[in-house]
Amino acid sequence: MSAFSKSLKALEAAEAALRIWEEERTVSAFDEASGSAERLQTDADGFSRRLEEVDALTQEPRYGPKMRERVKDFLTRQQRLTEALESTAAAAAASRAQLQVQAEDVAREKEEVERAREEEHRMRVVRIAQSRFRFQGLSRRSIGHRRRKGPSWRSA
């Protein structure tokens, strides 16, 4: 697969990710499209430079007429993608901020639930300890009570 074909497939994937962003406002789709656009920019620079090159011997363009059209189309699509990403960058930043706030809220709620569980567990342990202490206290009193009665029938 040629470098141009790989770049064209990457451009199509970035355009698809941008469509997903526009339809669903998925921040990950925007990030994917943005990352692809950055990588495609270097490819586009190379293709545009080569589009302007002329063969030293024949003085004709490096690319033939069909390839020149394909490269021009690629460059146009890549430029449209870049412009679309720039125009929606603010919306993506707002969505990312909203997701951050939601994540912080979820983390805070988890922390509160965990704190409540710990408090409930601590109270349960205290209640168990108190009931054991009461039971032991009752047992000691009843044993002590028997001892205070005096000698038992066995010792007589």
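About the cut-offs
- The numbering scheme is per chain: residues are counted from 1 as the chain's sequence reads.
- With the structure being a predicted model, the display of local features is reserved for residues of pLDDT at least 70 and the display and counting of side-chain atom pairs for 80 or more, all residues being used for whole-chain, interface and lining totals.
- The basis for the side-chain values is all heavy atoms of the structure; hydrogens and waters are excluded.
- Strands here are runs of E lasting at least two residues and helices are runs of H or I lasting at least four, both read from the DSSP assignment and numbered beginning at the N terminus.
- Throughout this description, buried means an accessible area under 20% of the type-specific maximum (1.4 Å probe, protein chains only), exposed means over 50%, and partly exposed covers the range between.
- We call two residues contacting when some pair of their heavy atoms lies within 4.5 Å.
- In these tables, accessible area is a Shrake-Rupley quantity obtained with a 1.4 Å probe, and a residue counts as shielded only by the protein chains included in the view.
- By definition, a salt bridge exists where a carboxyl oxygen of Asp or Glu is found within 4 Å of a side-chain nitrogen of Lys or Arg.
- Expected span of a helix: the number of residues minus one, times 1.5 Å.
- To get the bend at any residue, fit one axis to the seven residues that end at it and another to the seven that begin at it, then take the angle between the two axes.
- Between the rings of Phe, Tyr and Trp (Trp by its six-membered ring), a pair exists once the centres lie within 6.5 Å; its type follows the angle of the planes, with under 30 degrees stacked, over 60 edge-to-face, and the other angles tilted.
- Side-chain atoms within 4.5 Å link the members of a nonpolar core, which is a set of buried Ala, Val, Leu, Ile, Met, Phe, Trp, Tyr and Cys residues.
- Angles shown run from 0 to 180 degrees and are taken between the N-to-C directions of axes, each axis being a line fitted to C-alpha atoms and, for helices, limited to the stretch in contact.
- The labels follow the angle: roughly parallel below 35 degrees, roughly antiparallel above 145, roughly perpendicular from 65 to 115, and oblique for the rest.
- The crossing is said to be left-handed when, going from far helix to near helix, the turn is anticlockwise and less than a right angle, and right-handed when the turn is clockwise.

Draft legend 1. Looking closely at the overall build of the chain. Looking only at helices and strands, the chain features 3 helices and 0 strands. Relative to its full complement of 156 residues, the chain shows a buried share of 22%. If you take every contact in the chain between residues at least 6 apart in sequence, the share linking residues at least 24 apart comes to 68%. A total of about 12000 Å² of accessible surface is found on the chain, and carbon and sulfur atoms cover 53% of it.

Draft legend 2. View of unusual backbone geometry. Phi angles above zero are rare outside glycine, and Gln-59 is one such case at about 60 degrees. In this structure, Gln-59 sits in the loop between α2 (27–52) and α3 (65–148).

Draft legend 3. Representation of the pattern of salt bridges. Across all of its chains, the model carries 8 salt bridges by this definition. Of the charged contacts, one joins Arg-62 and Glu-53 as a salt bridge, the two residues approaching to 3.4 Å between their closest N and O atoms. A relative accessible area of 29% places Glu-53 in the partly exposed class. One connected set of salt bridges, linked through shared partners, spans Glu-15, Asp-73 and Arg-77.

Draft legend 4. Structural view of α2. End to end, α2 covers 37 Å across 26 residues, agreeing with the expected 38 Å (1.5 Å per residue, within 8%). For α2, the principal kink sits at Leu-40 and spans about 25 degrees. Within α2 the residues assigned to the buried category are Val-27, Ala-29, Phe-30, Ala-33, Gly-35, Ser-36, Ala-37, Leu-40, Ala-44, Phe-47 and Leu-51.

Draft legend 5. Expanded view of the packing of aromatic side chains. For the structure on display, the rule yields 3 aromatic pairs. Ring geometry for Phe-47 against Phe-74: centres 5.6 Å apart, planes inclined by 90 degrees, an arrangement best described as edge-to-face. Here Phe-74 lies in helix α3 and Phe-47 lies in helix α2, a separation of 27 residues in the sequence. A relative accessible area of 11% places Phe-47 in the buried class.

Draft legend 6. Local environment of the environment of Glu-86. Note on placement: Glu-86 falls in helix α3. Here the alpha-carbon distance between Glu-86 and Ser-34, two residues 52 residues apart in the chain, equals 9.1 Å.

Draft legend 7. Structural view of the nonpolar core. Counting 24 residues, the largest nonpolar core has Leu-18, Trp-21, Val-71, Phe-74, Leu-81 and Leu-85 as the members making the most contacts within it. Elements with a contribution of two residues or more to this core: α1 (3–24), α2 and α3. A total of 9 residues in this core trace back to one element, the largest contributor, which is α2. The contacts of Leu-85, once residues within four sequence positions are left out, are Leu-18, Phe-30, Ala-33, Ser-34 and Ala-37.

Draft legend 8. Examining the packing of α1 against α2 more closely. At a minimum axis separation of 8 Å, α1 and α2 run at an interaxial angle of 150 degrees. Comparing their axes, α2 and α1 come out roughly antiparallel. Two packed elements cross with a definite hand, and for α1 against α2 that hand is left-handed. Contacts between α1 and α2 pair Ala-3, Phe-4, Ser-7, Ala-10, Leu-11, Ala-14, Ala-17, Leu-18, Ile-20 and Trp-21 from the former with Val-27, Ala-29, Phe-30, Glu-32, Ala-33, Ser-36, Leu-40, Asp-43 and Phe-47 from the latter.

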